[in-house]
Amino acid sequence: MTRRTSLLVGAALIVAMMLTVATSAFATPALSLSAKRASVTYPQPDWLIVRAGDGDVAVPTTVTVQYRPIGTDTWATLRIVPASRAAEGTFTVTVPPYRLKMITGFRAIAEGLESDVVTVSVKARLSAASAPAKVREGRKLTIHGKIWPRHAVGSKPVTVRVWKWEDGAWAEKGSLHPAIVSKQAYSSKWQIKIKAITAEKGTYRLRVYHEDTRHEASMSKYSYIRVR
């Protein structure tokens, strides 16, 4: 390598180092957002992790975390984080259960910055179908249970699937579609009165299911009825 070539190479290295330093010094801050759990069962809370900065460059402004439930077009404020805390780089924001009644999108914004939208899916909580463990053949049977969050009286948000033990296996016998009969602050009670299950002696099992466009699919534990 000639002296001239060595000088050119050295100059190129110095320029590259200067560009790297300049790029680091003037790196653009960024916002990122993630959820500790992508899916929750109501009424569980969740936590959003906000990274307010890129590398060593922190966001110097206030950060606002917003939310938008599925089916809505308008963003609402979940929490405003002051600049002093945002400058720490990474912080968490709690999402309380009453903000997670349905599938919800979240984003973080600051002056001139915006994170990607993070979606948290929500499953309804279902109690097992409640009914007498033993009932006589031909009697009318009342089956009831609860769903969280609450649904309107008269609506039919759940499906109860019924199986009967036959020849060493569970044979599906159909589905029930009970209606909501009452509601409380956070839950609703569904109920149905039928004779179909008691028309034939045997052992039956029931399971409650729920799924709609606003919630992820969920199911309850099994419950059992013996018709004598």
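Check the entry above for the structure.
Report on the accompanying structure. (Residues numbered from 1 in each chain as written. Predicted model: local features only at pLDDT ≥ 70, side-chain atom pairs only at ≥ 80, totals over all residues. Heavy atoms only, no water.)

Time to look at the overall build of the protein. Each helix and strand in the protein was counted, giving 2 helices and 20 strands. When burial is assessed residue by residue, the protein has 35% of its 228 residues classed as buried. Nonlocal contacts in the protein, meaning residues at least 24 apart in sequence, comprise 59% of its contacts between residues at least 6 apart. Surface exposure of the protein reaches about 13300 Å², of which carbon and sulfur atoms provide 53%. (Helix = DSSP H or I, 4+ residues; strand = E, 2+ residues; numbered from the N terminus. Buried < 20%, exposed > 50% of the residue type's maximum accessible area, 1.4 Å probe, protein only. Contact = heavy atoms within 4.5 Å. Areas by Shrake-Rupley, 256 points an atom, 1.4 Å probe, with all protein chains shown as cover.)

A separate point is the nonpolar core. Counting 26 residues, the largest nonpolar core has L31, V50, V63, L78, F91 and F106 as the members making the most contacts within it. At the level of elements, β1 (31–35), β3 (46–54), β5 (63–69), β6 (76–81), β7 (90–95), β8 (104–110) and β10 (118–123) are the ones that each hand at least two residues to this core. The next biggest cluster of nonpolar side chains, apart from the first, holds 21 residues, and it includes V158, V160, L176 and I180. (Core = buried A, V, L, I, M, F, W, Y, C linked by side-chain atoms within 4.5 Å.)

As judged from the 4 bridges shared by strand β16 (residues 179–183) and strand β17 (residues 188–194), these two strands associate in the antiparallel manner. Bridge pairing in β17 places K183 opposite S188. If you look at the hairpin formed by β16 and β17, you'll find 4 residues sitting between the two strands. (Pairing = 2+ DSSP bridges.)

Two side chains carrying opposite charge are able to pair once their charged atoms lie near each other. Overall, the coordinates contain 6 salt bridges when judged by the stated rule. Note that E200 is salt-bridged to K164, the shortest N-O span being 3.7 Å. One end of the pair, E200, is in the loop between β17 and β18 (202–212); the other, K164, is in strand β14 (residues 158–166), with 36 residues separating them in the sequence. K164 gets classed as buried once you look at its relative accessible area, which sits at 7%. A salt bridge links K173 to E166; the shortest N-O distance between them is 3.0 Å. Residue classification places K173 among the partly exposed residues on the basis of a relative accessible area of 46%. E166 sits in the partly exposed class, given a relative accessible area of 26%. Taken together, the shared-partner salt bridges in this structure form one network comprising K164, E166, K173 and E200. (Salt bridge = Lys/Arg side-chain N within 4 Å of Asp/Glu carboxyl O.)

As a further point, take the side chain of R205. Relative to the assigned elements, R205 resides in strand β18. There is no salt bridge for the buried R205, and the closest opposite charge comes from E172, which lies 8.0 Å off by N-O distance. Residues within four places of R205 in sequence aside, it is in contact with R161, V162, W163, W170, Y222, S223 and Y224. (Lys, Arg positive; Asp, Glu negative; His and termini not counted.)

Moving on: the sheet that holds β17. Strand pairs in the sheet, formed through backbone hydrogen bonds, run parallel or antiparallel to each other. Spatially, the 4 strands line up as an open sheet ordered β11-β13-β17-β16, and their pairing is antiparallel. Either end of the sheet is taken by a strand with one partner, and the two such strands are β11 (125–126) and β16. Note that β11 and strand β13 (residues 141–148) share 2 bridges and pair antiparallel. For L126, the partnering residue across the bridge sits in β13 and is I147.

Before going further, it helps to spend a moment on the side chain of H151. Among the structural elements, H151 can be located in the loop between β13 and β14. Among the residues examined, H151 registers a relative accessible area of 11% and is labelled buried. Engagement of the side chain of H151 in a polar contact is seen with the backbone oxygen of P149, the distance being 2.9 Å. (Polar contact = N/O pair within 3.5 Å; in protein donor to acceptor, adjacent residues only side chain to side chain.)

Attention now goes to the packing of aromatic side chains. Evaluated as defined, the whole model comprises 4 aromatic pairs. Seen in terms of ring centroids, W163 and Y222 are 5.9 Å apart; in terms of plane orientation they differ by 80°. Their pairing is edge-to-face. One end of the pair, W163, is in strand β14; the other, Y222, is in the loop between β19 (215–219) and β20 (223–227), and 59 residues separate them in sequence. Note on W165 and W170: the rings are 5.1 Å apart at their centroids and 70° apart in plane angle, and the pair reads as edge-to-face. Here W170 falls in the partly exposed class, since its relative accessible area comes to 27%. Members of the aromatic cluster, each reached through a chain of ring pairs, are W163, W165, W170, Y222 and Y224. The ring of Y222 carries R205 above its face, with NZ or CZ at 4.2 Å from the centroid. Positioned above the aromatic ring of Y222 is the side chain of R207, whose terminal nitrogen or guanidinium carbon lies 4.2 Å from the ring centre. (Phe/Tyr/Trp six-rings, centres within 6.5 Å; stacked < 30°, edge-to-face > 60°. Lys NZ or Arg CZ within 6 Å of the ring centre and 35° of its normal.)

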